[in-house]
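Geometric and topological summary
Letter by letter, the chains look like this.
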Amino acid sequence: MSASAGGPAAGNGRAAGGRVPALLVTHAGLAPALLEAAKRVYGPFEGVEMISNEGLSRDALQERIVSIAGGWPAGGLVLTDFWGGSCHTSGLAAAGSCHGVVILSGVNLPMLLDYLHNRDTMDISTLAERLQQKGRDSIRVQRGPGA
Amino acid sequence: MSWLLHRIDDRLIHGQVLVAWGARLSPVRMWLVDDAVAANDWERQVYEAAAPGIEVHVVGVAEAAAAWAGEAAAAGGAFLIVRDLATARRLVEAGAPVGEFNVGGLHYAPGKTKVAEYVYLDDADRADARALLARGVTLEVRDVPASRRHGLQEMDPGVRP
C-alpha cells in the first residue's frame with residue numbers, strides 16, 4: 001500500500017461537480033483542534049466530520065468510521081494522524097467495506113486548508129495525491145543564525 | 001533474544017505498540033495473532049503494512065502456537081499481539097508457553113466493567129484471566145512503558161482464583 005490507500009473502487013465513483021466529503025480520525029482532541037485552527041485561517045466552513053479514538057477499541061472505531069464513510073454515495077477522504085496508529089489502521093480496515101474511500105495519513109493544517117480550497121473542484125484521487133504532496137512540501141527545515 | 005513482549009490489546013498494532021513499546025524494545029518482527037484478521041485478505045494487508053521497517057506476520061492461533069518456539073530461538077526481537085484474553089488463553093492452551101502477557105488495552109463495550117482507564121472486563125474475560133493465572137501466566141496491566149506496572153489480579157478481585 002502507498003501513503004494514500006483506498007478501498008474498493010477508490011476515487012472512481014464521485015458524481016461530477018459534487019463536493020468531496022472528508023472525515024478526520026485522530027488521537028485525543030487533535031481533530032477538533034485542527035478544525036478550529038483551520039477556521040481561524042480559512043474562515044467558517046462546514047462538512048468536515050471528525051472522530052476521536054479516545055476510549056474505543058479497534059472494532060468500535062472501525063464501526064464509527066463505516067457509519068460515516070459508508071454513507072458517502074460516491075466515496076470521500078479519510079484523513080488520519082499517523083501511519084500505523086489505530087486511527088489509520090481502523091480507517092484502512094473500514095475502507096475495505098466502503099465504496100470509493102481514500103485514506104491519507106499524517107494530516108496537518110496545510111493539508112486541511114488545501115482540502116477546503118479544492119474539495120469542490122477536484123475528484124477524490126486527484127485531490128488525495130495533491131494533499132499528500134502539500135503535506136510533504138509543508139515540512140521544511142530552516143536554520144537561524146548559529147544553528 | 002526473540003520474544004520481547006506478549007500484549008493483549010483490542011487495537012492490535014497501533015500507536016502505543018509502535019511508538020512507545022517499539023521505541024523502548026526495538027522489535028524486528030511482530031506477530032499479530034488473530035483468526036479473523038488472518039482470514040480477511042484486506043485487513044491482513046492493512047496490518048502487514050502498519051509497521052514500517054518491521055516484519056509483520058498475521059497468523060491464526062494454531063499457526064502462532066506452532067511457530068512460537070521457532071521465534072523464541074530466532075535472532076532479533078519480536079512482539080506478539082492478541083486482541084483479547086480469550087485469544088491469549090487459546091494460544092497458551094494450544095501449546096505456546098507464554099510466561100507473561102502485557103494487558104495494554106481492553107476498551108469499553110456493553111456488559112464490561114472498568115478495571116483501569118483502558119481495561120474493561122466482563123465475566124468471560126475474568127474466566128479467561130483466571131485460567132491463564134492458574135497456568136502460571138503473569139498478567140501485567142500497563143499501557144505504555146512509562147506507566148506503572150500492576151498485576152491484573154491486584155486491580156480486579158474478580159480474576160483472583
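Residues numbered from 1 in each chain as written. Chains lettered and ligands numbered in written order. Predicted model: local features only at pLDDT ≥ 70, side-chain atom pairs only at ≥ 80, totals over all residues.

1. Notes on the overall build of chain A
From N to C terminus, chain A includes 5 helices and 5 strands. Helices (α) and strands (β) of chain A occur, in sequence order from the N terminus, as β-β-α-β-α-β-α-β-α-α. Per-residue burial over chain A gives 42% buried out of 147 residues. For chain A, long-range pairs separated by at least 24 residues make up 76% of all intrachain contacts whose partners lie at least 6 apart in sequence. (Helix = DSSP H or I, 4+ residues; strand = E, 2+ residues; numbered from the N terminus. Buried ≥ 20, exposed ≤ 12 C-beta atoms within 10 Å, placed from the backbone. Contact = placed C-beta atoms within 7 Å.)

2. Some details on the overall build of chain B
Counting its secondary structure elements, chain B contains 7 helices and 9 strands. Taking 15 Å as the expected radius of gyration for a compact globule of 161 residues, we find that chain B reaches 15 Å, a close match to that expectation. Seen through its principal axes, chain B has C-alpha atoms that stretch 40 × 30 × 30 Å. Looking at chain B as a whole, 43% of its 161 residues are labelled buried. (Rg over C-alpha atoms; globule rule 2.2 N^0.38 Å.)

3. Here's the deal with the sheet that holds strand β9 (residues 150–151) of chain B
Residues and elements named next belong to chain B. With respect to topology, 7 strands assemble into an open sheet ordered β3-β2-β4-β1-β5-β8-β9, the strand pairing being mixed. Among the strands making up the open sheet, the edge pair consists of β3 (55–59) and β9. Pairing of strand β2 (residues 29–33) with strand β4 (residues 77–82) involves 4 bridges; the strand directions are parallel. Considered in β4, the bridge of Trp-31 is made with Leu-80. (Pairing = 2+ DSSP bridges.)

4. Let's talk about the confidence of the model for chain B
Of the residues in chain B, 99% have a pLDDT of 70 or more, and the chain-wide mean is 97. This prediction of the complex comes with two scores: 0.90 for pTM and 0.87 for ipTM. (pLDDT = per-residue confidence, 0-100.)

5. What about the environment of Ile51(A)?
All names here are of chain A. Secondary-structure assignment places Ile-51 in strand β3 (residues 48–52). Under the C-beta neighbour-count criterion, Ile-51 is labelled buried, with 21 such atoms within 10 Å. Spatially, the C-alpha atoms of Ile-51 and Ala-93 are 15 Å apart, while their sequence positions differ by 42 residues. Ignoring anything within four residues of it in the chain, the contact list for Ile-51 reads Leu-23, Val-25, Arg-64 and Ile-65.

6. Some words on the interface of chain A and chain B
Between chain A and chain B, the residue contacts involve 16 residues of the former and 19 residues of the latter. The set of elements that each furnish at least two residues to the side of chain A that touches chain B consists of α2 (58–69) and α3 (86–95) of chain A. If one sorts the elements of the side of chain A that touches chain B by residue count, α3(A) sits on top with 4 residues. The class makeup of the residues in the side of chain A that touches chain B is 7 nonpolar, 8 polar and 1 charged. (Nonpolar A, V, L, I, M, F, W, Y, C, P; charged D, E, K, R; others polar.)

7. Focus: unusual backbone geometry
With phi around 45°, Ala28(A) is a residue other than glycine that occupies positive phi space. If you trace the backbone, Ala28(A) turns up in the loop between β2 (22–26) and α1 (30–42). Among the residues examined, Ala28(A) registers 11 C-beta atoms within 10 Å and is labelled exposed. If you check the backbone angles, Leu12(B) has positive phi at about 60° while not being a glycine. With respect to the helices and strands, the residue Leu12(B) is situated in the loop between β1 (2–9) and α1 (15–25). With 28 C-beta atoms packed within 10 Å, Leu12(B) lands in the buried category.

8. A closer look at the nonpolar core
Grouped together as the largest cluster of nonpolar side chains are 81 residues, with contacts concentrated most on Leu77(A), Val78(A), Ile13(B), Leu32(B), Val33(B), Ile81(B) and Leu91(B). Apart from the residues lying within four places of it in its own chain, the contact partners of Leu77(A) are Val20(A), Ala22(A), Val102(A), Leu104(A), Ile124(A) and Ala128(A). (Core = buried A, V, L, I, M, F, W, Y, C linked by C-beta atoms within 7 Å.)

9. Quick look at the pairing of strand β8 (residues 138–141) of chain B
Residues and elements named next belong to chain B. Residue alternation in β8 divides its side chains into a buried set, Leu-139 and Val-141, and an unburied set, Thr-138 and Glu-140. Two elements, strand β5 (residues 100–105) and β8, share 4 bridges in a ladder whose sense is parallel. Bridge pairing in β8 places Glu-100 opposite Thr-138. Note: β8 against β9, 2 bridges, orientation antiparallel.

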